[in-house]
Amino acid sequence: MSDQHPTHPHHPPSGPTGPMSPEEIEAAQAANEADALNALGAAQAELAVLQAKSADLADQFLRAKAESENARRRAEEEISKARKYAVESFADSLLPVCDSLEAGLAIKDATPEQIREGAQATLRQLKSALERNKVLEINPGAGAKFDPHQHQAISMVPAEQEANTVVSVLQKGYLIAERVLRPALVTVAAPK
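**Overview of the overall build of the protein**
Thinking step 1. The helix and strand inventory of the protein stands at three helices and eight strands.
Thinking step 2. When the elements of the protein are put in sequence order from the N terminus, they spell out β-β-α-α-α-β-β-β-β-β-β.
Thinking step 3. Here the C-alpha atoms of the protein give a radius of gyration of 47 Å, more than 25% beyond the 16 Å that 2.2 N^0.38 yields for 192 residues.
Thinking step 4. With the principal axes as the frame, the protein shows a C-alpha extent of 155 × 55 × 20 Å.
Thinking step 5. Summing over all exposed atoms, the protein offers an accessible surface of approximately 15,500 Å²; the carbon and sulfur share of this is 58%.
Thinking step 6. In the protein, which carries 20 positive and 27 negative side-chain charges, the distance between the mean positions of the two groups comes to 20 Å.

**Quick word on the confidence of the model for the protein**
Thinking step 1. Taken over all residues, the pLDDT of the protein has a mean of 88, while the share at 70 or more is 91%.
Thinking step 2. Scored below 50 in pLDDT, residues 5–9 makes zero contacts in the model with residues more than four places away or belonging to other chains.

**Considerations on the packing of helix α2 (residues 88–106) against helix α3 (residues 112–132)**
When two helices pack together, their arrangement is given by the angle between the helix axes and the distance between those axes.
Thinking step 1. The contact between α2 and α3 brings their axes to 9 Å, and the two run at 180°. Taken together, the axes of α2 and α3 are roughly antiparallel relative to one another. From α2, Phe90, Ser93, Leu94, Pro96, Val97, Ser100 and Leu101 reach across to α3, where they touch Thr122, Gln125, Leu126, Ala129, Leu130 and Arg132.
Thinking step 2. Residue composition of the contact of α2 with α3, grouped by class: eight nonpolar, four polar and one charged.

**Brief notes about the sheet that holds strand β5 (residues 166–171)**
Thinking step 1. Read from one edge of the open sheet, three strands run β4-β8-β5, paired in mixed fashion. Unpaired on one side and paired on the other, β4 (151–157) and β5 mark the two borders of the sheet. Direction aside, neighbouring strands of the sheet carry axes that sit 30° apart on average.
Thinking step 2. As paired elements, β4 and strand β8 (residues 184–189) share six bridges and run parallel to each other. Residue methionine 156 lies in a different strand from β8, and its bridge partner there is valine 188.

**Considerations on the environment of alanine 64**
Thinking step 1. In this fold, alanine 64 is placed in helix α1 (residues 22–84).
Thinking step 2. With 26 residues separating them in the primary sequence, alanine 64 and asparagine 38 have C-alpha atoms 39 Å apart.

**Thoughts on unusual backbone geometry**
Thinking step 1. Unusually for a residue other than glycine, lysine 134 sits at a positive phi of about 65°.
Thinking step 2. Take lysine 134: it is sitting in the loop between α3 and β3 (135–138).
Thinking step 3. Unlike most non-glycine residues, glutamate 178 shows phi in positive territory, near 70°.
Thinking step 4. As for its position among the elements, glutamate 178 is in the loop between β6 (173–176) and β7 (179–182).
Thinking step 5. The exposed category is assigned to glutamate 178, whose relative accessible area is 78%.

**Here's the deal with the sheet that holds β3**
Thinking step 1. Spatially, three strands are ordered β3-β6-β7 in an open sheet, and the strand pairing comes out antiparallel. Each edge of the sheet is formed by a strand with only one pairing partner; in this case those strands are β3 and β7. Across the sheet, the axes of successive neighbouring strands diverge by a mean angle of 35°, strand direction being ignored.
Thinking step 2. Relative to β6, β3 is paired through four bridges, and the arrangement is antiparallel. Residue glutamate 137 lies in a different strand from β6, and its bridge partner there is tyrosine 174.

Procedures and definitions
Residues numbered from 1 in each chain as written. Predicted model: local features only at pLDDT ≥ 70, side-chain atom pairs only at ≥ 80, totals over all residues. Heavy atoms only, no water. Helix = DSSP H or I, 4+ residues; strand = E, 2+ residues; numbered from the N terminus. Rg over C-alpha atoms; globule rule 2.2 N^0.38 Å. Areas by Shrake-Rupley, 256 points an atom, 1.4 Å probe, with all protein chains shown as cover. Lys, Arg positive; Asp, Glu negative; His and termini not counted. Charge placed at Lys NZ, Arg CZ, Asp CG, Glu CD. pLDDT = per-residue confidence, 0-100. Contact = heavy atoms within 4.5 Å. Axes fitted to C-alpha atoms, helices over the stretch in contact; angles between N-to-C directions. Parallel < 35°, antiparallel > 145°, perpendicular 65-115°, else oblique. Nonpolar A, V, L, I, M, F, W, Y, C, P; charged D, E, K, R; others polar. Pairing = 2+ DSSP bridges. Buried < 20%, exposed > 50% of the residue type's maximum accessible area, 1.4 Å probe, protein only.

Below is the structure:
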C-alpha cells in the first residue's frame, strides 16, 4: 500500500474557521463584485468631476483669450486714432493765430505802428499756443555752458568769457515735451 493521500481535484476555499460552504463562497463573490462596482462608481464620479473641471478651465481659457484679443484690438484702435488726430489739439490752438493774421491783413490803411502792434499780439498768441502744446524755446543766454544736446555750434569766436560757453544765439531752438525739436544755433567762445 502506498502512503499517499488521495488528492481531491477541487477543495472548497477555507475560511478562518475551516472550509467555506457554497453559500459563503457565493456571498464572498457577491461582496467582491459589490466592492468592484463601488470602486468603479467612485472612479466614474471622480472622472465626471475632473471632466467638469476640465470643461470649466477650457471655458475660462477661451474667455480669457477672447478678452485679451478684444483688449489688443481696442488698444490698436486707440493708437490708430491717436496717430490720426495727434495734431488736432495743436491745430486748434493755432486757429486764433490764423484769424489774427487774416484780420490784420484785412486792414487796408494800417499805419506801421498798427501793423507792428498787430504782429506783436499775434506773436504772443503763437507763443502761447506753442507753450500750451509743450513746445518750449531753447534760448540760452550769453555765458551759458554749451550743451551739445540742445545747441548746435555754428562757429567758435574769440570772446572775453569762459571757453565753450554761448556767445550769441543766431536762431532759437525748440523742445517738444522735453525732446529737442530743433537745436538752438549758437556761436561759442573759443579757448584762449
